[in-house]
Amino acid sequence: MIHRLFSDLPTFKSLHLHSGLNVLLADKSPGATDRQTRNGAGKTSFVDLIHFLLGARSAPRSTFRLDPLKDSSFGMEFDLRGHNIVVRRSGADSARIQLEGVPPSWGVPEEVSNEAWKALLGPAMFGLPPADSGKAAPSFRELMAYFARRQLDGGFTAPTKSSSVQQTGSQQTAVTYLLGLDWSIPQEWQRVREQEASLKELKKASGEGPLSPILGSAATLRTQLALAEERARKLRGAIASFQVHAQYHELEKEASRLTRDLNGLVDDNALDRQRAEELRAAVVAEAPPTPPDLERLYEEIGVHLSSAVLRRFEELQAFHDSVVRNRSSYLKSELAALEHRVEERDRKKGELDQRRSEVMEILRSHGALEHFSKLQTELSRVEAEAETLRLRYSAAEALESSRVTMALERTRLLTRLGEDYREQENVLGRAIVAFEEISRSLYEDAGSLTIKATPNGPSFEIQIHGARSKGIQNMQIFCFDMMLMRLCTERGRGPGFLVHDSHLFDGVDERQVAKALQLGARLSDELGFQYIVTMNSDAVPRDLPPGFSLDRHVLPIRLTDATEDGGLFGIRFA
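Described in the following lines is the structure provided in the data block. In this text the structure is predicted, and so the values were computed from the model without any measurement.

1. Description of the overall build of the protein
Moving on, step 1. If you tally the helices and strands in the protein, you get 14 helices and 12 strands.
Moving on, step 2. A burial count over the protein gives 43% of its 574 residues as buried.
Moving on, step 3. When contacts within the protein are restricted to residue pairs at least 6 apart in sequence, those whose partners lie at least 24 apart make up 70%.
Moving on, step 4. As displayed, the protein has an accessible area near 30400 Å², and 52% of this comes from carbon and sulfur atoms.

2. Description of the pattern of salt bridges
Moving on, step 1. For the structure shown, the criterion picks out 34 salt bridges.
Moving on, step 2. Its salt-bridge partner being arginine 486, residue glutamate 437 comes within 3.1 Å of it at the nearest N-O pair. Of this pair, glutamate 437 sits in helix 12 (residues 425–442) while arginine 486 is found in helix 13 (residues 470–490), placing the two residues 49 residues apart along the sequence.
Moving on, step 3. Given the relative accessible area of 38%, glutamate 437 is considered partly exposed.
Moving on, step 4. Put simply, glutamate 461 and lysine 452 hold a salt bridge, and the shortest N to O gap is 3.3 Å.

3. With respect to the sheet that holds strand 10 (residues 497–500)
Moving on, step 1. Taken together, the 4 strands give an open sheet; going across it, the order is 10-11-3-12, and neighbouring strands pair in parallel fashion. Lying at the two open borders of the sheet, with one neighbouring strand each, are strand 10 and strand 12 (559–560).
Moving on, step 2. One ladder, built from 4 bridges, connects strand 10 with strand 11 (residues 530–536); its direction is parallel. Pairing of valine 499 across the sheet is with isoleucine 532, part of strand 11.
Moving on, step 3. Where helix 1 (residues 43–53) meets the sheet, its contacts fall on strand 3 (20–27), strand 10, strand 11 and strand 12, and the angle it forms with strand 11 comes to roughly 150°.

4. Details of unusual backbone geometry
Glycine aside, negative phi is the norm for most residues, and most peptide bonds take the trans geometry.
Moving on, step 1. Notably, arginine 81 is not glycine yet its phi reads approximately 55°, a positive angle.
Moving on, step 2. On the secondary structure map, arginine 81 appears in the loop between strand 4 (73–80) and strand 5 (83–90).

5. Some words on the environment of arginine 149
Moving on, step 1. Along the polypeptide, arginine 149 turns up in the loop between helix 3 (140–144) and helix 4 (168–179).
Moving on, step 2. The class of arginine 149 is buried, set by a relative accessible area of 0%.
Moving on, step 3. Each C-alpha atom of the pair arginine 149 and serine 162 lies 6.4 Å from the other, and the pair is 13 residues apart in sequence.
Moving on, step 4. The residues contacting arginine 149, other than those within four sequence positions of it, are Val47, Gly155, Phe156, Ala158, Pro159, Lys161, Ser162, Ile477, Phe480, Asp481, Val499 and Asp501.
Moving on, step 5. Reaching out from arginine 149, the side chain makes a polar contact with the backbone oxygen of alanine 158 at a distance of 3.4 Å.
Moving on, step 6. A distance of 2.6 Å separates a polar atom in the side chain of arginine 149 from the backbone oxygen of proline 159.

6. Concerning the packing of aromatic side chains
Moving on, step 1. Per the counting criterion, the structure on display carries 11 aromatic pairs.
Moving on, step 2. Between phenylalanine 12 and phenylalanine 74, the ring centres sit 5.7 Å apart and the planes meet at 75°, which makes this aromatic pair edge-to-face. Remark: phenylalanine 74 occurs in strand 4 and phenylalanine 12 occurs in the loop between strand 1 (2–7) and strand 2 (15–16); sequence separation between them is 62 residues. Each member of the pair, phenylalanine 12 as well as phenylalanine 74, is classed as buried.
Moving on, step 3. Where phenylalanine 126 meets phenylalanine 147, the ring centres are 5.6 Å apart and the plane angle is 40°; that geometry is what we call tilted.

Here is what the cut-offs are and how they apply
- Residues numbered from 1 in each chain as written.
- Predicted model: local features only at pLDDT ≥ 70, side-chain atom pairs only at ≥ 80, totals over all residues.
- Heavy atoms only, no water.
- Helix = DSSP H or I, 4+ residues; strand = E, 2+ residues; numbered from the N terminus.
- Buried < 20%, exposed > 50% of the residue type's maximum accessible area, 1.4 Å probe, protein only.
- Contact = heavy atoms within 4.5 Å.
- Areas by Shrake-Rupley, 256 points an atom, 1.4 Å probe, with all protein chains shown as cover.
- Salt bridge = Lys/Arg side-chain N within 4 Å of Asp/Glu carboxyl O.
- Pairing = 2+ DSSP bridges.
- Axes fitted to C-alpha atoms, helices over the stretch in contact; angles between N-to-C directions.
- Polar contact = N/O pair within 3.5 Å; in protein donor to acceptor, adjacent residues only side chain to side chain.
- Phe/Tyr/Trp six-rings, centres within 6.5 Å; stacked < 30°, edge-to-face > 60°.

So, in structure tokens, the structure goes:
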């Protein structure tokens, strides 16, 4: 229960509240202009102030960090675990919280950080496990938002949502926790959704996006990995059998020189063999002409030789024969010399070829040190490539099997959720009956709350006849909030108060507004909680249910936007 709201800002209108129903009205004074609407009187700021003092984030553009207010301290006196606690906070130092009335047994100093304050409020108000327990329970702020909804956050869009940006997992977990069911199941469902979303993006990127050349298909990567591992195996074998020869390069040079020498010998032999064939032909062709041949030659040309001339020819014939014999002897000696040189070269070729074979055998069985280093470098590269392929293959395989895995996880969670609902039938029954009774107090045709397990987690379906109208949609929120308040109060959980901003009653039929106020007053008295409503004075129902008087619930402080000092803070600011 909130006892009072105060500030050291001189113009602030301190509010003293009481148990049961409290109605904070904003009046329209005669001096109000068209621009000075009652929406600027401070009703919404009243709700913001409660959140500010209960650990809400203080954004740079927060009301309490504006120049006219940032140096002022605001406070609230309220009940917390049976103790009267006073909390103070300012916009200028919003990270620090001042406390009074905290029992020494709690071990809490008079000044704490805002984070420590929220960590204290969670277990104290809602029985949340301590932050260091390792349990990822819903946060205090997630739960608190259901007990003081804010229009600016979209708190009046749907019964199960406390803000328009609240994720499905957050609302499922928060509502499940407030109903007293197993809240860890919707939390696990949210983790599955997040994994599915990540995998969906990854699949999209790997299929046709920037990761396509990086990941690839598991089948293709399996083939590439097998080939890379085989190359690495062969390189490791080559390195293991590799022998380094210190004179490897000298042997390479010798082998090259031997090859050049052999080629030179072959060329020289080819030339000498050709010359030998020519010499053999010349030896055979060396045959001098006989004298009768000469006589016949001269007769043919009409010349008759004397006997003296013929004798002279015989002498010349003898000389010529001698010349021919000498030339033939010379040619034969030249041919013999050529054949000998060829034989010598053949012998030399055999020696060089034998040495070259020895050198080449050494080169084949050994290697240079830098060649060995290159093999090691290549092995490192291939092994790194294989490891990269192995990781890509694992990622691609996990990606391709993720759909089945997620489907199995959803099935497991659905089974677990169904089992929890069967075990907690009494809890479900109390929530369903409470919602039906509250809605029946407002409408002849009672609404219904259906809680069921679905493949996407727990579902909370609320139906009230004519729910398409804005007014009835808002009354769904009213019934849902009252149901939560009832269940939490019975279990000793919650802040002990429920705040409804005037936006809740926008578009609601006047008769339903009157019934809602009467029901809120009755339930808060019966169950012992505080129900705070902010309203515009011209929205107060004229016809109230018999026996119900609103006047005794209206706070003595009334807000107005007709004057500069008529609002909650007593000043106007942008």
